[in-house]
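Breakdown of the fold
Here's the letter readout for the chains.
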Amino acid sequence: MNFILNQKYSDGNTPIRPEEAEQLIPKISTLAELNEYEAVNILRAREWAFDNRTMKSNDPLDEVYVRELHHRMFDNVWKWAGTYRQTQRNIGCDPKEIVQRIPQLLANARYWLENKTLPVDEALLRFHHQLTKIHPFANGNGRHARMIADIAAVKYGQAEFTWGAGKDLVAAGDARTRYLAALRALDADENDLKSLFDFARS
Ligand SMILES: Nc1ncnc2c1ncn2[C@@H]1O[C@H](COP(=O)(O)OP(=O)(O)O)[C@@H](O)[C@H]1O
Ligand SMILES: [Mg+2]
């Protein structure tokens, strides 16, 4: 799994640690293969998540669902799929705080939506941003936090976000650059939701 540890990380991408890299399930040796395995796994999770029956019987703003979705997105690739990270990152809270911060964030998001204190898009984009800030998993946080925002959008009667029409925003490129700039603008000023909104609905 040296190809994982030796990769060049694009801007805003969390490096995988040796103890996490060891938990790779498929016997593969290139990043292209890893990306492909993850993409296939994520597609299957997507089919499950957007299926009408799943939509009806699940609340995406439930703590168990947050972990289940990550598990379904990465269960064929990483043994730690669906489990919270245990090590510190350059981004994200202290790992010991994740178990409290996720339920708090979910309760806030549900409150904004149920009491209509914020428009649905605004509530979900704030939720998305704060979820990526907590950074609950060892990897896959961006993809997971975008998909869960999309699922909640549909659940609350909106269209999925377009995320700048970037395919999965994993590869470096214009869409990813705009995406990260929009998240950072919101880091710097909690009132500056405009760039993220323009991006996610463009
Ligand atoms: N400054 C930042 N503020 C908020 N979120 C960020 C910031 N930098 C990176 N992120 C989030 O972290 C994600 C990268 O984390 P990672 O776990 O590697 O996810 P993935 O593997 O899906 O790309 C980005 O896609 C973005 O969602
Ligand atoms: Mg990553």
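Description of the structure in this document. (Residues numbered from 1 in each chain as written. Chains lettered and ligands numbered in written order. Predicted model: local features only at pLDDT ≥ 70, side-chain atom pairs only at ≥ 80, totals over all residues. Heavy atoms only, no water.)

**A short note on the coordination of the magnesium ion (ligand 2)**
The expected angle between donors at a tetrahedral four-coordinate metal is 109.5 degrees. At an octahedral six-coordinate metal it is 90 or 180 degrees. Condition: Coordination here is defined by N, O and S atoms within 2.8 Å of the metal (3.2 Å for Na, K and Ca), and since water is not considered, a site can look incomplete. To qualify as a helix, a DSSP run of H or I must reach at least 4 residues; to qualify as a strand, a run of E must reach at least 2; elements of each kind are numbered from the N terminus.
Protein-derived ligands of the magnesium ion (ligand 2) are Asn13 (OD1) and Asn139 (OD1), with the metal-ligand distances lying across 2.2 Å. Taken together, the residues Asn13 in the loop between α1 (2-5) and α2 (18-21) and Asn139 in the loop between α7 (120-134) and α8 (141-155) connect sequence positions 126 residues apart.

**Topic: the layout of surface pockets**
Operational definition: Here a cavity denotes a set of grid points, spaced 1 Å apart and computed over the protein atoms alone, in which a 1.4 Å probe fits but from which it cannot get out, and a pocket denotes an open set meeting protein on both sides within 12 Å along at least five of seven lines; residues with an atom within 4 Å of a point are reported as lining. Grid points are joined across faces, edges and corners, and a volume is the space filled by probe spheres set on the points. Under this grouping Gly is polar, as are all residues other than the nonpolar Ala, Val, Leu, Ile, Met, Phe, Trp, Tyr, Cys and Pro and the charged Asp, Glu, Lys and Arg.
In this structure, the largest pocket spans a volume of roughly 670 Å³. Lining the largest pocket are 33 residues, and of these Gly12, Asn13, Thr14, Asn139 and Arg176 sit closest to its centre. If you list the elements that add at least two residues to the lining of the largest pocket, you get α3 (31-50), α7, α8 and α9 (174-188). For the lining of the largest pocket, the per-class residue count stands at 11 nonpolar, 14 polar and 8 charged.

**Considering the site of ligand 1**
Quick note on the threshold: Each residue is tested against the molecule or strand, and it is near if at least one of its non-hydrogen atoms lies within 4 Å. Under this definition, polar contacts are N or O atom pairs within 3.5 Å; protein pairs additionally need one hydrogen-donor-capable and one acceptor-capable atom, and for neighbouring residues in sequence, both atoms have to be side-chain atoms. With residues, only the protein chains shown are counted as cover, and all accessible areas are computed by Shrake-Rupley using a 1.4 Å probe. Those molecules having more than half of their atoms within 2 Å of a cavity or pocket grid point set are described as sitting in that cavity or pocket.
Lining the immediate surroundings of ligand 1 are 19 residues, of which Asn13, Asn139, Asn141, Arg143 and Tyr179 lie closest. Taking Gly142, its main chain carries an N or O atom lying 3.0 Å from an oxygen atom of ligand 1. The side chain of Asp187 places a nitrogen or oxygen atom 3.0 Å from a nitrogen atom of ligand 1. Calculation on ligand 1 without its partners gives an accessible area of 560 Å², and the protein chains cover 95% of this total. For ligand 1, the cavity whose grid points lie within 2 Å of the majority of its atoms is the largest pocket. Listing elements by their share of the shell around ligand 1, those giving two or more residues are α7, α8 and α9. Here the residues of the shell around ligand 1 sort into 4 nonpolar, 9 polar and 6 charged.

**Looking at helix α5 (residues 63-74)**
Worth spelling out the cut-off: Each residue after the first adds 1.5 Å to the expected span of a helix. Partly exposed residues are those whose accessible area sits between 20% and 50% of the maximum for their type, while under 20% is buried and over 50% is exposed, using a 1.4 Å probe and protein chains only. Taking the helix axis as origin, the arc is that swept by the directions to the C-beta atoms. In this description, contact between two residues means that some pair of their heavy atoms is separated by no more than 4.5 Å.
For α5, built from 12 residues, the straight-helix expectation of 16 Å at 1.5 Å per residue is met to within 8% by its first-to-last C-alpha distance of 17 Å. Within the sequence span of α5, burial applies to Tyr65, Val66, Leu69, His70, Met73 and Phe74. The buried residues of α5 all sit within an arc of 150° when viewed along its axis, so they share a single face. Where α5 is buried, its residues touch α3, α6 (98-114) and α8. A distance of 3.0 Å separates the backbone nitrogen of Val64 from a side-chain oxygen at the start of α5, and that oxygen is part of Asp62.

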